[in-house]
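# Coordinate analysis (summary)
This is what each chain is made of:
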Amino acid sequence: LKSDKYAEERVNNPYFPFAGKPDWEMAAFLLWSDLSMADIDEYLKLEFVRHAEMLPSPPQWKFQIVPTEFPTTKTLRIFYRDTIECLPSLLSHPMLAG
């Protein structure tokens, strides 16, 4: 069995190869919709869709597995975002401008 060469990307982003859940949801919606390929192409050409892609994306969530002293039924994970990575995203947010 060939190993998954993208396994490492999926650790931080379970929606890989999509940038995140919103992109995955949009692709899934378009795939399962009754829209024709021509309709989907027209949708993707809309100006608001192109502008949405230009917005900065927030930093990815990260997690660390926390070892426990006692057995648990589920792995304990602490989710966080890197503070330094958050600063540029916050300072460039359109709602905080001016």
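First, a word on what this report is: a plain description of the structure on this page.

Rules used throughout
- Residues numbered from 1 in each chain as written.
- Predicted model: local features only at pLDDT ≥ 70, side-chain atom pairs only at ≥ 80, totals over all residues.
- Heavy atoms only, no water.
- Helix = DSSP H or I, 4+ residues; strand = E, 2+ residues; numbered from the N terminus.
- Contact = heavy atoms within 4.5 Å.
- Salt bridge = Lys/Arg side-chain N within 4 Å of Asp/Glu carboxyl O.
- Buried < 20%, exposed > 50% of the residue type's maximum accessible area, 1.4 Å probe, protein only.
- Patch = residues over 30% accessible without salt bridge, like charges linked within 9 Å, V, L, I, M, F, W, Y side chains within 5 Å.
- Areas by Shrake-Rupley, 256 points an atom, 1.4 Å probe, with all protein chains shown as cover.
- Polar contact = N/O pair within 3.5 Å; in protein donor to acceptor, adjacent residues only side chain to side chain.
- Phe/Tyr/Trp six-rings, centres within 6.5 Å; stacked < 30°, edge-to-face > 60°.

In this section: the overall build of the chain. Secondary structure assignment for the chain yields 5 helices and 2 strands. In the chain, the succession of α and β elements from N to C terminus is α-α-α-α-β-β-α. Intrachain contacts of the chain at a sequence separation of at least 6 include 22% that bridge at least 24 residues.

Further remarks concern the pattern of salt bridges. Proximity of charged atoms lets side chains of opposite charge pair with each other. Under the defined criterion, the tally for this structure stands at 3 salt bridges. For E25, the salt bridge goes to K21, with nearest N and O atoms at 3.8 Å. In this pair, E25 and K21 both sit in helix α2 (residues 21-32), 4 residues apart, roughly one turn of the helix. For K21, a relative accessible area of 41% translates into the label partly exposed. Put simply, K62 and E85 hold a salt bridge, and the shortest N to O gap is 3.0 Å. Placement of the pair is K62 in strand β1 (residues 62-65) and E85 in helix α5 (residues 83-91), with a sequence separation of 23 residues. Judged by relative accessible area, which is 37%, E85 ranks as partly exposed.

On the surface, I84, L87, L90, L91 and L96 cluster together to form a nonpolar patch covering roughly 560 Å² of accessible area. Counting through the fold element by element, L91 comes out in helix α5.

This next bit is on the side chain of N13. Structurally, the position occupied by N13 is in the loop between α1 (7-12) and α2. Looking at N13, its side chain comes within polar contact range of the main-chain oxygen of F18, at 2.7 Å. Dropping the residues within four chain positions of it, N13 is found in contact with F18, A19, G20 and Q60.

We now examine the packing of aromatic side chains. Counted under the stated rule, the structure contains 2 aromatic pairs. Geometrically, the ring pair formed by Y15 and W24 is tilted, given 5.7 Å between the ring centres and 45° between the ring planes. Among the residues examined, W24 registers a relative accessible area of 39% and is labelled partly exposed. A ring pair is formed by F63 and F79, whose centres lie 5.5 Å apart and whose planes are at 40°; its orientation type is tilted. Taken together, the positions of F63 in strand β1 and F79 in strand β2 (residues 77-80) put the pair 16 residues apart, joining distant regions of the chain.

Here we come to unusual backbone geometry. Backbone geometry follows two general trends: most residues other than glycine have a negative phi, and most peptide bonds adopt the trans configuration. Cis peptide bonds are those with omega within 30 degrees of zero, and the linkage from F16 to P17 qualifies with 20°. Among the structural elements, P17 can be located in the loop between α1 and α2.

By secondary structure assignment, the location of W24 is in helix α2. Between the alpha carbons of W24 and P14 there is a distance of 10.0 Å; along the sequence they are 10 residues apart. Look past the residues within four positions of W24 in its chain and what remains in contact with it is Y15 and F18.

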